[in-house]
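Spelled out, the chains give:
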Number of protein chains: 2
Amino acid sequence: LEDLVVRPAHVFREKQGIEVRLGHTAQKIDRQARTILGRTSAGDGFQESYDKLLIATGARPRIPDIPGNDLPGLKALKGLEDGRRIKDYIFSKQVREVLIVGTGYIGLEMAETFHSLGIQVHMTEMMPGLLPWLPDQMAEVVRKELDDKGVGVRFSNGIRAVEQRNGKLMAICDSNEYLVDMVLIAAGVVPNSEIAADAGLELGPANAIAVDRFLRTSDADIFSAGDCADAFHVVTGRKVWIPLALRANRSGWAVGDNVTGGNVELPGIVGSAVFKVLDLEVARTGLSLEEARMAGFDPVQNLIQSRSRAHAHPGNTTIHVNLVADAPTGRLLGGAMVGKEGCAHRINALAVGLHAGMTVAEFFQCDLAYAPPFSPVWDPLLTAANQLLRKVR
Amino acid sequence: LEDLVVRPAHVFREKQGIEVRLGHTAQKIDRQARTILGRTSAGDGFQESYDKLLIATGARPRIPDIPGNDLPGLKALKGLEDGRRIKDYIFSKQVREVLIVGTGYIGLEMAETFHSLGIQVHMTEMMPGLLPWLPDQMAEVVRKELDDKGVGVRFSNGIRAVEQRNGKLMAICDSNEYLVDMVLIAAGVVPNSEIAADAGLELGPANAIAVDRFLRTSDADIFSAGDCADAFHVVTGRKVWIPLALRANRSGWAVGDNVTGGNVELPGIVGSAVFKVLDLEVARTGLSLEEARMAGFDPVQNLIQSRSRAHAHPGNTTIHVNLVADAPTGRLLGGAMVGKEGCAHRINALAVGLHAGMTVAEFFQCDLAYAPPFSPVWDPLLTAANQLLRKVR
């Protein structure tokens, strides 16, 4: 677990001359006085003045407001300490059966982790289906993979209560009950933006802290970066809150310059994401059909099945590719891929195309690399683009 | 082997109504008379008139003009029949030791194939090093991989003669001799452009048949596509001859429309290529430093080492990335990658960036997908772009 800490506090202190105060909770920003008020873990109040302030409070798991949500066998995963607690609980309590509440990235990745530990996994989802940004046929490929590996998922099945029952947990959901050793809440995250909201700073989508392309909040002396802050979506030009690692890290780099007088501008994100679940790679970038519609485009999509390698190459598997484009302009808006191999890195070609504002026709002309162990002669992305062309012209 | 034939002749005849004449060698184009003259395999002359003509004669292996180059144990690989002959020879003659002449894609891929069959492989190369478009450090990674697997390569070591010696072949090179069961000539290919040259059609780089973006030769009624024809390089705007599968296939599609009255325009290629050699993936796109210099740019390059997965993820291996950019404008010109995983598809993000004419700064801002099994938070391409930025600003 220690290997996961890229830079511990003492390195900041000893090697970089940065004062780091652990156990200090900031509670209030007084913008007039340019002062932070807070409390230490020992219970003492503290006060600090600032010239420039950076809010990098991150996000926290969304815990449903249900009876029993504070039971010790109910867990959520965000930080390293959460991971340590879950791991300790699994081994000390000999956990054999888990319910995961939610089917987002964290839920699906943890399903794989638990499964690899020999734990029986159940998943329950409030929404009527899996990964709503995927076309139904592609979401079904993911559901089937879970099913094939013995991970059952129930949909439209919100959790209502959790109760202790003879050393186990009874999770009561809309349509059934689960008797398990542990419940993992993986129902998304919320930004830790309350301190910003209380100070009257502008909030963006999902109540994330609104920042411009220089990571400035609505107060020119206050910056925000990381999972607590929003971002511009390069495809729509609008604000979004998609708290993923690269943006958090990138905005941290940029804001480090900008709070000290720099002027680093971040154009924004296209919402690229990838995860592995059991034997599948699932990747996306840009907008789904529905997201494109909501953003005011007149979108079309086309779903193809292609192969991960040349047609006669051993180890060849199916790759599902969906591309979304704006019908009147032919502009590429997004895409998604599901398959056993070759999705994770392939999606990045599309991400670059979105940053460049390419049309489907332009993307189709790209000279992608071919060799039999890695791709058909026509990369699945090119085949998908070629077929989508017929719908935009 | 039959599985490798995507569409046999009888399908053209029976399902598509296309007359296919096998065993007919076209020998001369009479442009005034719009007539083709040729000879059948039975030795009869034939003559055909045309309205539009397509020359799709492909390329052939370059066979060095040395004594013994017609011995039965000396092979070259281009078409399916070559593959069949090599396979038959290996098994019927119980081939245990092979010399490969040349260290290009075919030579390196065949080194892997022979090695996997338990055959001892030697390679000899006329040039002083491996893969001249790679920085020395990256070429050395490939050479070491060959060495680790018992494949020795000698450089500056052209082949001078091949002699029969007690059922084996003695290959006499500049600095040594090899006594082997088979010699594979993998010294590149040449375009089958003689018939076009004889008809006075314009030739391009490497004597490939010169075509415009509509695949028209210098005679408006004659088209050419496939490995025999040249192409525009999108980065330089100049003609190149890089006979690879996607371009050959793509130009075939386009020319099929254009000879029948269509108007499909192909912007060109960026020279993306990938191959697998033993446990390495080697990929490139765009221009090398030297190619960029030759094309009139003022290029800089930066070579980094990164990781194929998140730093603490099991199975993590080294990825070497080299990026090339034009110093005064910051424009991205090319790149190459070598590593055990994650190079083949990753290179395509860069290829799309080249098609879009991106600067290094623009490419660095791309939102590439991250998950621990597939990448560090900063994809190796982004880290490489970030470091290259310092050299172009």
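Look a little higher up for the structure.
In short, a report on the structure.

1. Here we look at the overall build of chain A
When its secondary structure is counted, chain A shows 10 helices and 22 strands. Against the 2.2 N^0.38 benchmark of 21 Å for 393 residues, chain A shows a C-alpha radius of gyration of 23 Å, consistent with a compact globule. Projected onto the principal axes, the alpha-carbon positions of chain A cover approximately 70 × 60 × 40 Å. Taking all 393 residues of chain A together, the buried fraction comes to 52%. When the 42 basic and 46 acidic side-chain charges of chain A are each reduced to a single mean position, those positions are 2 Å apart.

2. A few points about the packing of aromatic side chains
Across all of its chains, the model carries 8 aromatic pairs over all chains by this definition. Plain terms: the ring middles of Trp 378 of chain A and Trp 253 of chain B are 5.1 Å apart, the flat faces sit at 45 degrees to each other, and that makes the pair tilted. In this pair, Trp 378 of chain A sits in the loop between α9 (360-364) and α10 (380-392) while Trp 253 of chain B sits in helix α6 (residues 245-259), so the two residues belong to two different chains. Geometrically, the ring pair formed by Phe 364 of chain B and Trp 378 of chain B is stacked, given 5.5 Å between the ring centres and 10 degrees between the ring planes. In this pair, Phe 364 of chain B is assigned in helix α9 (residues 360-364) and Trp 378 of chain B in the loop between α9 and α10 (380-392), connecting sequence segments 14 residues apart. Accessibility assignment for this pair places Phe 364 of chain B and Trp 378 of chain B in one class, buried.

3. Thoughts on the interface of chain A and chain B
Taken together, the 53 residues of chain A in the interface contact 53 residues of chain B. Interface of chain A and chain B: buried area, both sides summed, is about 4,500 Å²; carbon and sulfur atoms make up 67% of it. Ranking the residues of chain A by area buried against chain B places His 345, Asp 367 and Phe 374 of chain A at the top, with a combined share of 17%. On the surface where chain A and chain B come into contact, there are 0 salt bridges. At the junction of chain A with chain B, the criterion picks out 24 residue pairs in polar contact (both at pLDDT 80 or more). Where the side of chain A that touches chain B is concerned, the elements lending two or more residues are α6 (245-258), β18 (273-277), α8 (347-355), α9 and α10 of chain A.

4. Here we look at the relation of the copies chain A and chain B
Relative to chain B, chain A is turned by 180 degrees and slid 0.0 Å along the rotation axis, the superposed coordinates differing by an RMSD of 0.0 Å. The superposition operator between the copies reduces to a two-fold rotation axis. When each C-alpha of chain A is compared by its distance to the rotation axis, Ala 349 of chain A comes out closest, at 1.9 Å. Here 100% of the contact residues of chain A are again contact residues in chain B; the copies associate through an equivalent surface.

5. With respect to unusual backbone geometry
Glycine aside, negative phi is the norm for most residues, and most peptide bonds take the trans geometry. Residue and element names in this part refer to chain A. A positive phi angle, near 45 degrees, is found at Leu 131, a position not held by glycine. As for its position among the elements, Leu 131 is in the loop between β8 (120-124) and α4 (136-148). The class for Leu 131 is buried, based on a relative accessible area of 4%.

6. Here we look at the environment of Ala 56 of chain B
All names here are of chain B. Tracing the chain through its elements places Ala 56 in the loop between β4 (53-55) and β5 (59-61). You can call Ala 56 exposed: its relative accessible area is 52%. Expressed as a C-alpha distance, the spacing of Ala 56 and Ser 251, which sit 195 residues apart in the sequence, is 10.0 Å. What Ala 56 contacts, discounting residues up to four positions off in sequence, is Ala 225 and Cys 228.

7. Quick word on the pairing of strand β10 (residues 159-165) of chain B
Remark: a regular strand shows side chains that alternate across the two faces of the sheet. Residues and elements named next belong to chain B. Where β10 and strand β11 (residues 168-173) come together, 6 bridges link them in antiparallel fashion. Paired with Glu 163 across the two strands is Met 170, which belongs to β11. Hairpin connection between β10 and β11: a loop of 2 residues separates the two successive antiparallel strands, and Asn 166 in this loop has a positive phi of roughly 55 degrees.

8. Description of the sheet that holds strand β13 (residues 182-185) of chain A
Residues and elements named next belong to chain A. With parallel pairing, 5 strands are arranged side by side in an open sheet as β6-β13-β7-β8-β9. The sheet terminates laterally at β6 (74-76) and β9 (152-154), the two strands that pair on one side only. In this sheet, adjacent strand axes meet at a mean angle of 25 degrees when their direction is disregarded. Here helix α2 (residues 80-92) sits on the sheet in contact with β6 and β13, set at roughly 145 degrees to β6.

9. Points about α6 of chain B
In this model, α6 of chain B (15 residues) spans 21 Å end to end at C-alpha, consistent with the 21 Å of a helix rising 1.5 Å per residue. Buried within α6 of chain B we find Leu 246, Arg 247, Arg 250, Ser 251, Ala 254, Val 255 and Asn 258 of chain B. Along the long axis of α6 of chain B, the arc covered by the buried residues comes to 150 degrees, so they all point the same way. The elements touched by buried residues of α6 of chain B are α9 and α10 of chain A together with β4, β15 (222-224) and β16 (231-232) of chain B.

10. A look at the side chain of Ser 224 of chain B
Residues and elements named next belong to chain B. Following the sequence through the fold, Ser 224 ends up in strand β15. Engagement of the side chain of Ser 224 in a polar contact is seen with the backbone oxygen of Ile 55, the distance being 2.8 Å. Once you skip the residues sitting within four places of it in the chain, Ser 224 turns out to touch Leu 54, Ile 55, Ile 209, Val 211, Leu 215, Thr 217 and Ala 229.

11. Observations concerning the pairing of strand β22 (residues 332-339) of chain A
Residue and element names in this part refer to chain A. In terms of burial, β22 is largely enclosed, as 8 of its 8 residues are buried. With 6 bridges connecting them, strand β19 (residues 280-286) and β22 associate as antiparallel partners. Paired with Ala 283 across the bridge in β22 is Met 337. As paired elements, strand β21 (residues 318-326) and β22 share 7 bridges and run antiparallel to each other. Bridge assignment links Val 324 to a residue of β22, and that residue is Gly 334.

12. Considerations on the pattern of salt bridges
One pass over the full model with this rule turns up 50 salt bridges over all chains. The residue Glu 341 of chain A makes a salt bridge to Arg 309 of chain A at a minimum N-O spacing of 2.6 Å. Of this pair, Glu 341 of chain A sits in the loop between β22 and α8 while Arg 309 of chain A sits in the loop between β20 (299-307) and β21, placing them 32 residues apart in sequence. Its relative accessible area of 22% is what places Glu 341 of chain A among the partly exposed residues. Note that Glu 290 of chain B and Arg 293 of chain B form a salt bridge whose closest N and O atoms lie 3.3 Å from each other. In this pair, Glu 290 of chain B and Arg 293 of chain B both sit in helix α7 (residues 289-294), 3 residues apart, roughly one turn of the helix.

13. What to know about the sheet that holds strand β3 (residues 45-49) of chain A
Sheets are built from strands that pair by backbone hydrogen bonding, the pairs being arranged parallel or antiparallel. Residues and elements named next belong to chain A. The 3 strands lie next to each other as β1-β2-β3, forming an open sheet whose pairing is antiparallel. Each edge of the sheet is formed by a strand with only one pairing partner; in this case those strands are β1 (24-30) and β3. Looking at each pair of strands side by side, their axes are set apart by 25 degrees on average, direction ignored. Pairing geometry for β1 and strand β2 (residues 35-40), over 6 bridges, is antiparallel. Looking across to β2, one finds that Thr 25 is bridged to Arg 39.

14. What about the side chain of Asn 322 of chain B?
Residue and element names in this part refer to chain B. Structurally, Asn 322 can be placed in strand β21 (residues 318-326). With a relative accessible area of 3%, Asn 322 lands in the buried category. A polar side-chain atom of Asn 322 sits 2.8 Å from a polar atom in the side chain of Gln 301. Apart from the residues lying within four places of it in its own chain, the contact partners of Asn 322 are Pro 135, Met 138, Gln 301, Asn 302, Leu 303, Gly 334, Gly 335 and Ala 336.

15. A look at helix α8 (residues 347-355) of chain B
Residue and element names in this part refer to chain B. In terms of burial, α8 is a largely internal element, 9 of the 9 residues being buried. Within α8, burial applies to Ile 347, Asn 348, Ala 349, Leu 350, Ala 351, Val 352, Gly 353, Leu 354 and His 355. Note on α8: the residue one or two positions beyond its end, Gly 357, has a positive phi of about 70 degrees.

Here is what the cut-offs are and how they apply
Residues numbered from 1 in each chain as written. Chains lettered and ligands numbered in written order. Predicted model: local features only at pLDDT ≥ 70, side-chain atom pairs only at ≥ 80, totals over all residues. Heavy atoms only, no water. Helix = DSSP H or I, 4+ residues; strand = E, 2+ residues; numbered from the N terminus. Rg over C-alpha atoms; globule rule 2.2 N^0.38 Å. Buried < 20%, exposed > 50% of the residue type's maximum accessible area, 1.4 Å probe, protein only. Lys, Arg positive; Asp, Glu negative; His and termini not counted. Charge placed at Lys NZ, Arg CZ, Asp CG, Glu CD. Phe/Tyr/Trp six-rings, centres within 6.5 Å; stacked < 30°, edge-to-face > 60°. Contact = heavy atoms within 4.5 Å. Buried area = accessible area lost by both parts, 1.4 Å probe. Salt bridge = Lys/Arg side-chain N within 4 Å of Asp/Glu carboxyl O. Polar contact = N/O pair within 3.5 Å; in protein donor to acceptor, adjacent residues only side chain to side chain. Least-squares fit on C-alpha atoms with pLDDT ≥ 70 in both. Pairing = 2+ DSSP bridges. Axes fitted to C-alpha atoms, helices over the stretch in contact; angles between N-to-C directions. Expected span 1.5 Å × (residues − 1). Arc of directions from axis to C-beta.

Remember, this is a structural readout, not a statement about activity or role.
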